[in-house]
Amino acid sequence: MSKFWSPLTASLVPYVPGEQPKDKTYIKLNTNENPYPPSPKVIDAIKGAANADLRLYPDPTCEGLVKAAASYYGLRAEQVFAGNGSDEILAFAFAAFFDPAKTVLFPDITYSFYKVYAKLYGLQTELIALDEQFNVQVEAFHSDNGGIIIPNPNAPTAQLLPLEDIRTLLASNPDQVVIIDEAYIDFGGQSAVELIHDYPNLLVVQTLSKSRSLAGLRVGFAFGSEELIDGLNRIKNSFNSYTMDRLALAGAIAALEDDAYFRDTTEKVIATRERVTEQVKELGFAATDSKANFVFISHKTIAAKDIFVQLRDKGVLVRYFDQPRINEYLRVSIGTDEEMDAFIRALQEIVGE
Ligand code: PMP
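So, a few notes on the structure that sits alongside this text. The structure displayed is predicted, hence computed values, not measured ones. (Residues numbered from 1 in each chain as written. Predicted model: local features only at pLDDT ≥ 70, side-chain atom pairs only at ≥ 80, totals over all residues. Heavy atoms only, no water.)

Digging into the overall build of the chain
The cut-off we apply is this: Each helix is a run of DSSP H or I of at least 4 residues and each strand a run of E of at least 2, with the numbering of both proceeding from the N terminus. Only C-alpha atoms enter the radius of gyration; for comparison, a globular chain is expected to reach 2.2 Å times N to the power 0.38, where N is the number of residues. A 1.4 Å probe rolled over the protein chains alone gives each residue an accessible area, and that area as a share of the maximum for its type sets the label: buried under 20%, exposed over 50%, partly exposed in between. In what follows, a contact means two residues having at least one pair of non-hydrogen atoms within 4.5 Å. In these tables, accessible area is a Shrake-Rupley quantity obtained with a 1.4 Å probe, and a residue counts as shielded only by the protein chains included in the view.
Check the secondary structure of the chain and you find eleven helices and 13 strands. Relative to the compact-globule value of 20 Å for 353 residues, the chain shows a C-alpha radius of gyration of 20 Å, a close match. Principal-axis analysis of the C-alpha atoms places the extent of the chain at approximately 55 × 50 × 50 Å. Looking at the chain as a whole, 52% of its 353 residues are labelled buried. Within the chain, contacts between residues separated by at least 24 positions form 74% of all contacts whose residues are at least 6 apart in sequence. Carbon and sulfur atoms make up 52% of the accessible area of the chain, which totals about 15,900 Å².

Now the structure itself:
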């Protein structure tokens, strides 16, 4: 607390990202980064953009990137927004669309940044409980609300909501914006992007951080009706005209163009996830049906927190959430096959096999 803080600053509870430790070299399975490097074409494009033009401001409309993303999904440029990571887009979307006079709905177990944004903008929230198997119950999201946000697949549970359920959700909330946060959709789900043609209240948010291995470049997208994209641009242009720099714009276009590389690395992550899921089950863990680049696992006898601490001692970092309902679970990002072999060996030692 400082006397210089505004009442708003004093009231905030900021998001705490997964740790990026510097004390020793860990096998990092705690922040859902992609273990494979970005496409070499992305590196070339960024190097090509590292030139004298950096003295000039970037294109505030991100036109080249917006067009590349529109053509990737068969959309019009007016249906696409590009931003500095999907977190920034989510922050803009909360401000642009959620109604402070009503209650914003999201799952009780979900991406923990949502409640941080809600607090920042003074929004009231209601947490809608996932069922016992951690599935989203769309019927529970039909009260008179001020907006809805759900990640699909959900984080940290990794489970996928079928498109049919998203249609139901959109149809039963025609007067509110429904945001589907698809940070992990490329690892086994079907995007809801096609539904934006039928539902003007749908905003689909994606990122290049996970499936394009570009967490360090900070690039995200939103797809939706023209009126929603206009709304995001109104907020953005009341905040910062140049959210995306020249290097990010160049790298992101190259990433979308190299679809073969994206498919190859994504398939590798999925194959590793399936193998690791079987191996942890043999070691006495239960695992949710992951369609993401991480698994969500719980051991039948050993406390998750103990496993977390012991893994850390052995140089393997995973994510533990000390919160009700999920404090017996660990979220483990999918690394390379070698990293996951080391993870499994460490687990074998911990569970005594
Ligand atoms: N949504 C979800 C569900 C996430 O897990 C993350 C990653 N922490 C993000 C959005 C933000 O990703 P980025 O800002 O890197 O695009």
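From this point on, the discussion continues.
Let's talk about the site of the ligand
Threshold: The criterion for a residue being near a molecule or strand is simple. One of its heavy atoms has to lie within 4 Å of it. Whenever a nitrogen or oxygen atom comes within 3.5 Å of another N or O atom, the pair is scored as a polar contact, on the condition that within protein one atom can donate a hydrogen and the other can accept it, and that pairs from neighbouring residues in sequence are kept only if both atoms are in side chains.
Lining the immediate surroundings of the ligand are G85, S86, D87, Y111, D181, A183, Y184, T207, S209, K210 and R218. S209 places a polar side-chain atom, nitrogen or oxygen, 2.6 Å from an oxygen atom of the ligand. If the ligand stood free it would expose 400 Å²; the protein chains cover 91% of that surface. Of all the elements, helix α4 (residues 85-97) adds the most residues to the shell around the ligand, at three residues.

Digging into the environment of L8
Its location among the elements puts L8 in helix α1 (residues 7-11). Distance in space between the C-alpha atoms of L8 and L120 is 7.5 Å, their sequence separation being 112 residues.

A closer look at the pairing of strand β13 (residues 330-333)
We apply this condition: For two strands to count as paired, DSSP must find a minimum of two bridges between them.
Along β13, one buried face is formed by L330 and V332 and the opposite face, lined by R331 and S333, is buried too. As paired elements, strand β12 (residues 319-320) and β13 share two bridges and run antiparallel to each other. The partner of Y320 across the bridge, within β13, is L330.

A look at the packing of helix α10 (residues 304-313) against helix α11 (residues 337-351)
To keep it simple, the criterion reads: Angles run from 0 to 180 degrees between N-to-C directions of axes, and those axes are lines fitted to C-alpha atoms, restricted for helices to the stretch in contact. Any angle from 65 to 115 degrees is called roughly perpendicular, while one under 35 is roughly parallel, one over 145 is roughly antiparallel, and all others are oblique. Helix crossings fall into two classes, left-handed where the near helix is turned counterclockwise from the far one by less than a right angle and right-handed where it is turned clockwise. Polar here means any residue other than Ala, Val, Leu, Ile, Met, Phe, Trp, Tyr, Cys and Pro, which are nonpolar, and Asp, Glu, Lys and Arg, which are charged; Gly is therefore polar.
Packing of α10 against α11 leaves a shortest axis separation of 10 Å and a crossing angle of 120 degrees. The angle between α10 and α11 falls in the class oblique. Note that α10 runs across α11; the crossing there is right-handed. Residue-level inspection shows I307, Q310 and L311 of α10 in contact with α11, the latter providing F343, A346, L347 and I350. Classifying every residue of the contact of α10 with α11 by side-chain character gives six nonpolar, one polar and no charged.

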